[in-house]
Amino acid sequence: MWKPALLLLIGLVNIPNTTPCVAIWNQCGGINFSGETTCCDSLTCTVLNPWYSQCLQGATDSTTTTTTTTTTTTSNQGNSGCNTLYSQCNGENWSNPTCCIDSVCTYSNPYYSQCLPGSSTQSTTASTTQSTTTTTPTPSTTTTTTTTTTPSTTTTTQSTTQSTTSSSSTANQNCVPQYQQCGGINYYGSTTCCDGSTCNYLNDYYYQCLPSGNPTSSSSSASSSTASSSSSSSSSSSSTQSNGDNGQPGVTTRYWDCCKASCGWPGKASVTNPVQSCQRDGVTPIDVNAASICNGGDSSMCNNQQPWSVNSTFSYGYAAAHIAGQGESDWCCACYLLTFTSGPVVGKKMLVQVTNTGGDLGNNHFDLQMPGGGVGIFNGCSSQFGTGNPGPWGAQYGGVSSISDCDNLPAVLKPGCYWRFQWFQNADNPTMTFKRVDCPLDLTVNTQCQRL
């Protein structure tokens, strides 16, 4: 009589543990993610961007992160605390080691660098907080003569071209390396993965180049529609566009004057906050009503509002602007996708947030912020950094003339200056087309300004 009950009890005790876990390559965290966050054995939940964390193969001593936290790894005793494959190795506010075990610390965005296999990754120029992980900028051996259209004289400059390194193909110089982003909302870079990889849909914000034949549920080819062309817009004037769309024609110039931005004053537009201004250290936030350093005050442009590259064809940055038929209430803190149409950067794209208004700008004119780009009408940099006038800032219009001149700038501003001669290839006021798009977190996190 008791035998059947006893057998049933034994059977229940021996039921295997079927706690759900997330398989390799699948999502395990991110903004608005409500699914399982525990990766299966030997996998690590790795943050790739604020919207997407992924289960990747890593050391078994790594710990799993939750939705939006940074992946934590236990140091390998034989490698002096260096990070394991696919673990985070740098980023804003990152205070742990930046070295990697049998891999390369590869820049993804200002908040995240990741240890990736060295043979299939690309080292890119990072923002100021990423300077320890980037390739040391050195001038190219090829010298090109560039005739400037600014009031400065013609100069001969040295430029370097950043190229994608792939383990499988060099024919497509604009292909995306393995494990890097290739699509998603507000992504405007290349969607073509290098040979041996396929652009896989992971969520609306993130497509990734993964080894061909990986077990993800869906993928997209370079010619298919990615999230960057299918995302909905918040208004008819602020829509996310695909790479092939055309916009209004415009012109660009460059500057970095260290002054408080015009959009940093209250009441300029319907926004969450005015553009963040900083104290003379370029880091500490200052009251929105503080006078500009260019008018005898202490409020200056923040150091993190300089450009940085995402990959070989796409960069983020900030700009002063003047758009025909509009005013500051229209463009302050708005974002625009620029597609360059002349010079060595033809076809490259840059997504900028407008932080300033240039009193000397014409219609459909974007003045790109880049350290060493020329102080223009005002020179707050000499006061902010105590360098004297003109100091190391180069010509009033046009700025420094070679990448070696970047070495004379304050250390915190060198990355943006190097960017000009690397990703931007020292392009001299290239023309472009522009269109308004939704602002990504990558830009607004530095300005603390979003349009309402």
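As the structure is a prediction and not an experimental result, all values here were calculated from the model. (Residues numbered from 1 in each chain as written. Predicted model: local features only at pLDDT ≥ 70, side-chain atom pairs only at ≥ 80, totals over all residues. Heavy atoms only, no water.)

### Points about the overall build of the protein chain
Line of reasoning, step 1. Each helix and strand in the protein chain was counted, giving 6 helices and 18 strands.
Line of reasoning, step 2. Here the protein chain holds 452 residues, and the buried ones make up 52% of them.
Line of reasoning, step 3. Sequence separation of 24 or more characterises 60% of the internal contacts of the protein chain that already satisfy a separation of 6 or more. (Helix = DSSP H or I, 4+ residues; strand = E, 2+ residues; numbered from the N terminus. Buried < 20%, exposed > 50% of the residue type's maximum accessible area, 1.4 Å probe, protein only. Contact = heavy atoms within 4.5 Å.)

### A few points about the UniProt feature "domain: CBM1" (unreviewed entry) in the protein chain
Line of reasoning, step 1. Residues annotated by UniProt as "domain: CBM1" (unreviewed entry) correspond here to residues 20-56, 81-116 and 174-210.
Line of reasoning, step 2. Taken end to end, residues 20-56 is 0% helix and 41% strand, and its first and last C-alpha atoms sit 17 Å apart. (UniProt positions renumbered as here; feature names shortened; annotations may be inferred.)

### A look at the nonpolar core
Nonpolar side chains in soluble globular proteins generally cluster together in the buried interior.
Line of reasoning, step 1. Grouped together as the largest cluster of nonpolar side chains are 28 residues, with contacts concentrated most on Tyr-336, Leu-338, Phe-340, Val-352, Phe-366, Leu-368 and Phe-424.
Line of reasoning, step 2. Elements supplying a minimum of two residues to this core: β14 (314-322), β15 (335-340), β16 (349-356), β17 (365-369) and β18 (431-437).
Line of reasoning, step 3. Setting aside residues no more than four positions away along its own chain, Phe-340 makes contact with Thr-252, Val-345, Val-346, Gly-347, Lys-348, Met-350, Leu-368, Trp-423, Phe-424, Pro-430, Thr-431 and Met-432.
Line of reasoning, step 4. Residues Cys-258, Ala-320, Cys-406 and Leu-413 belong to the second largest nonpolar core, which totals 17 residues. (Core = buried A, V, L, I, M, F, W, Y, C linked by side-chain atoms within 4.5 Å.)

### Side note on the sheet that holds strand β2 (residues 43-49)
Line of reasoning, step 1. Within the open sheet, the 3 strands sit side by side as β1-β3-β2. Their pairing is antiparallel. Each edge of the open sheet carries a strand with a single partner, namely β1 (27-29) and β2. The sheet shows a mean angle of 45 degrees between the axes of neighbouring strands, direction not considered.
Line of reasoning, step 2. Across 2 bridges, the pairing between β1 and strand β3 (residues 52-57) is antiparallel. In the strand pairing of β3, Gln-27 is matched with Gln-54. (Pairing = 2+ DSSP bridges. Axes fitted to C-alpha atoms, helices over the stretch in contact; angles between N-to-C directions.)

### Regarding the pattern of salt bridges
Line of reasoning, step 1. For the coordinates displayed, the defined rule picks out 3 salt bridges.
Line of reasoning, step 2. Of the charged contacts in the structure, one is a salt bridge between Asp-298 and Arg-280, with a shortest N-O distance of 2.7 Å. Residue Asp-298 is located in the loop between β12 (248-255) and β13 (308-311), and its partner Arg-280 is located in the loop between β12 and β13; the two are separated by 18 residues in the primary sequence.
Line of reasoning, step 3. Among the residues examined, Asp-298 registers a relative accessible area of 42% and is labelled partly exposed.
Line of reasoning, step 4. Classification of Arg-280 as partly exposed rests on a relative accessible area of 32%. (Salt bridge = Lys/Arg side-chain N within 4 Å of Asp/Glu carboxyl O.)

### Comments concerning the sheet that holds strand β9 (residues 181-183)
Line of reasoning, step 1. Taken in spatial order, the 3 strands of this open sheet run β9-β11-β10, and their pairing is antiparallel. The outermost strands of the open sheet, each flanked by one partner alone, are β9 and β10 (197-203). Across the sheet, the axes of successive neighbouring strands diverge by a mean angle of 45 degrees, strand direction being ignored.

### Structural notes on the side chain of Asn-364
Line of reasoning, step 1. Within the fold, Asn-364 resides in the loop between β16 and β17.
Line of reasoning, step 2. Given the relative accessible area of 13%, Asn-364 is considered buried.
Line of reasoning, step 3. For Asn-364, the side chain forms a polar contact with the main-chain nitrogen of Ala-324, separated by 3.2 Å.
Line of reasoning, step 4. If we ignore the near neighbours within four places in the chain, the residues touching Asn-364 are Gln-248, Pro-249, Gly-250, Val-251, His-322, Ile-323, Ala-324, Met-432 and Phe-434. (Polar contact = N/O pair within 3.5 Å; in protein donor to acceptor, adjacent residues only side chain to side chain.)

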